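Reading the structure
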Amino acid sequence: MKKWKKGLFSVGIFALGLALAACSSGGNTNETANSSSTTADDATFTYAISGDPSSTNPINTSDRWGLTVTNIIYSPLVIVEGDGTTKNALAESVEPAEDGLSVTVHLKKDVKWSDGEPFTADDVVFTYEQKAKKENGNADQLWVGDQPIKFEKVDDYTVKFVLPQASAAAVNNIATETFIIPKHIFEGVEDFSVNELPENPVGTGPYKLVEYKRGEYLTFEANEHYFGGEPSIKNLTLRIIESADTTKVALQKGEVDAAFVLPSDVADLDEKTITTYPYSENRVGYLGLNTKSEALQDVKVRQAVLFALNKDELNQAAYLEKEYYEQPYSFLPPNNPFATEDVEKYDTNIEKSKELLKEANVSDLKLNLAFSSSDPAQTIQATLIQQQLQKAGITVTLEGGDGTAIFAELDKDGSTKYNLFLGGYIMGNDPDLYGALFETEGSANYFQTENKATDELFNKAAVELDEAKRKELYNELQQAIADDARIYPIVDNKKILAVNNRIGNVEDAGLIPIYTFEDVSKLTIK
Amino acid sequence: MARYIAKRVLQAIPLLLVISFIVFSLIHLAPYDVIDSVTTPNMSPDRVEALREKYGLNEPFFVQYATWLTNIFKGDFGYSLVSQRSIAGELAVRIPNTMKLIIPAYLTALILAITLGLIAAANKGKFFDKLIDGIASLGIAIPTFWFAMILIYFLGYRLNLFPIIGMNTVGKAGDFNDFLAHFIMPYLTLTVAFFPELTRYIRSSALQQVAEDYVTVQRAFHATKWQIFRRHISRNVLIPVVTQLGLALPMLVTGAIITETIFGWPGVGPYLTSATRSLDYPVIMAIMLLSATLVILGNLLSDVLYSVVDPRIRKGGKE
């Protein structure tokens, strides 16, 4: 009793001390309250990002925030929407040749750079030539086979891309994610492999960069020459906040206008001031099976594992509400135009799982499961998988660790350290890009699968120019990979963007994978 | 005196080398390297190999270590592998930001601790001692990140007194009032993080003094407790405080990692945490080495100061 009183008393004193400390600074709080409210001024949209962009050089950037910044300052020829359809940006039209050996792009005519100079075919050719150089670090998509694509200026507003051999994936790969940079500014740059170019960026995007304070913020100002029309919000700030908790409070308080939140945070946000927009990033979160590991070499054993799982349960637990996820069944995300559900879905069937194990002559199966212990969704799913497999008599030991370290291990040739692993990928739109994961020689073949039949299908589909036939091939491929039981696609989890209600037109600005806003200029302040 | 200092400095050099070696080997032992963080699935193996060569990651261990160490002697901490920026340049911006936060917080904590510690010692076993002990226990038990979030929630959000992110409002760099508003919450967090242990330390040093013979003598001369504490104990307690000051040196770089990350303060904290996440090991190594060096220098400094304050130690050094 006495101890309890003492404790309470110290808490009281402690709180009093705090209050005093807070008051003692009262002299300038009035002013600061004013100054902090000015951050939410009528001319500025503040978006919280979780770290510095790794690279702000449009030629080689490939990280989320680097691409976000690039997309604000520069524009590509064509934008790919979440559902795989394309929309012209700097391009007026894109015409693939019938033989599949070239693509002609006509450019919009009255586009100006943010410094007022006209935009022409020279800029496009200059940009692509820099990007196609292997040493600059982002050339892979501009090479077909072992040869680079060639770029020709036809006239001031027409560029022809000449492919060394027919490629169905090329049209998509050429047009997207290459942000055109002005030749007249960057002509003198010798090395484009750096992460930050020394020149002041001049672009055709909706905003111009004003200031970049590392670790703090990037500020932008509307580009009056923007070809999509001058943005209605004059200033844009990307504020760097590492801590997710702080971001949440800053959002609630109005210090920032928009940020990503987790499904579990949504209930805490006040609906009157904040609206959440869940959207798909076409990510596939999956359980991978290491086909090289001794216990899982028999396809029947792998199928037995998959039949014991319950996808619904895994997703309900990790993402709470149906509106925050979709369930994929093949290795392609559900929004992908080539995705099919006509594959073995492995609906939960414990009996079948046990039967398969018996057929394979396996009893008392013991597996380990690697997952990133700093990822809350994976942690929940890993423990559930352990329970679910237990029902089929499969014992799972959990091996939580650092995600990067786990995948570095899986990347080693012939690694058998982990039987099962949780991972995820965002590979883009053309299904050919997924070959990196599923081809025997693929650079991200963590499943360690050697399967000639699926390799063959990938090769055939990559060069098939007839859309319907190509689709047929990919259907076959998705079925084959599902039957092979090397990947159990669990979820296409959505990103949830929380935005202060004073910001309007969020849906018109287009929520797309990686860049968040397709065209940030469409946002308005109410 | 000079001989004593020289001897200590000479002793520190091999220690620093050993530490640099340990830091380098530990990072080298990690099951992955920075290449894993810059490669993407659609990068060809040739390109990955080229990157390895470019960063010297295919050289033998000792060659890599020697290159790294020689560069450090030239004041070159190398470049961040992720951002390509000079680490020394980046630290030159960030360390002052960290110091702006740490120094006031540490000094406040120290003053608070000296006052509370002496009061507690003077009232040993009585109410005030128990109270101060209670506060200190609570302070030690409270995790920094939790306390920071409580401040953010109440002072920043509910009462809306202070802005919660960064060191300045965008576009107001250099505005002192604006800085102060951003400064108060992280400052309070750190003060609360620093003072409890210092208080305990000072209380126990003061109690040691109380047990000394000279106090008994003073008591025999009917000196009041107030006089004894004011004239003698408070002065003698300053000697251990000097030790603490030296030991606090490494905090100038790494003392506020959690607090800075939570408040988005552009100091060393967020730099180190993001480097750790992206396996940017030259950055991690530079900060670890810097911090370890400061530990050694801090020890050295506190010993030297100690010998200045207490001549008996100096004499001990000569024998």
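Just so it is clear, the model here is predicted, and its values are computed rather than measured.

A count of helical and extended segments in chain B gives 15 helices and zero strands. Once the C-alpha set of chain B is aligned to its principal axes, its extents read approximately 85 × 60 × 35 Å. Considering chain B as a whole, with its 319 residues, one finds that 46% of them fall into the buried category. Taking contacts inside chain B between residues at least 6 apart in sequence as the whole, the part at least 24 apart equals 74%. Only carbon and sulfur atoms are counted for the fraction: they give 66% of the accessible area of chain B, which is about 15,500 Å².

Counting secondary structure elements, chain A contains 16 helices and 24 strands. A compact globule built from 526 residues should have a C-alpha radius of gyration of about 24 Å, and chain A, at 26 Å, falls within 12% of that. By its C-alpha atoms, chain A is 90 × 75 × 40 Å across when sized along the principal axes. The burial tally for chain A puts 56% of its 526 residues in the buried class. In chain A, 68% of the contacts between residues at least 6 apart in sequence involve partners at least 24 apart. When the accessible surface of chain A is totalled, it reaches about 22,000 Å², and 47% of it is carbon and sulfur. In chain A, 49 side chains carry a positive charge and 83 a negative one; their mean positions are 7 Å apart.

Residue placement: A:Arg239 occurs in strand E12 (residues 235-240). At 3.3 Å, the side chain of A:Arg239 forms a polar contact with the backbone oxygen of B:Asn168.

The subject of this paragraph is a nonpolar patch on the surface. All names here are of chain B. The grouping of Val9, Leu10, Ile13, Leu17 and Phe73 at the surface amounts to a nonpolar patch, some 500 Å² of accessible area in total. Inspection of the secondary structure puts Ile13 in helix H1 (residues 2-29). Using a relative accessible area of 44% as the deciding quantity, one classes Ile13 as partly exposed.

Residue and element names in this part refer to chain A. Under the counting rule described, the total for this entry stands at 24 salt bridges over all chains. Put simply, Glu221 and Lys208 hold a salt bridge, and the shortest N to O gap is 3.8 Å. With Glu221 in strand E11 (residues 217-222) and Lys208 in strand E10 (residues 207-213), this residue pair connects regions lying 13 residues apart in the sequence. The class for Glu221 is partly exposed, based on a relative accessible area of 32%. Asp268 is the partner of Lys248 in a salt bridge, and the nearest nitrogen-oxygen pair spans 2.8 Å. Placement of Lys248 in helix H7 (residues 244-253) and of Asp268 in the loop between helix H8 (263-266) and strand E14 (274-280) is noted, with a sequence separation of 20 residues between them. Classification of Lys248 by relative accessible area gives buried; the value is 17%. A network of salt bridges, in which partner residues are shared, links Asp122, Lys153 and Asp156.

Scoring rules and cut-offs
- Residues numbered from 1 in each chain as written.
- Chains lettered and ligands numbered in written order.
- Predicted model: local features only at pLDDT ≥ 70, side-chain atom pairs only at ≥ 80, totals over all residues.
- Heavy atoms only, no water.
- Helix = DSSP H or I, 4+ residues; strand = E, 2+ residues; numbered from the N terminus.
- Buried < 20%, exposed > 50% of the residue type's maximum accessible area, 1.4 Å probe, protein only.
- Contact = heavy atoms within 4.5 Å.
- Areas by Shrake-Rupley, 256 points an atom, 1.4 Å probe, with all protein chains shown as cover.
- Rg over C-alpha atoms; globule rule 2.2 N^0.38 Å.
- Lys, Arg positive; Asp, Glu negative; His and termini not counted.
- Charge placed at Lys NZ, Arg CZ, Asp CG, Glu CD.
- Polar contact = N/O pair within 3.5 Å; in protein donor to acceptor, adjacent residues only side chain to side chain.
- Patch = residues over 30% accessible without salt bridge, like charges linked within 9 Å, V, L, I, M, F, W, Y side chains within 5 Å.
- Salt bridge = Lys/Arg side-chain N within 4 Å of Asp/Glu carboxyl O.

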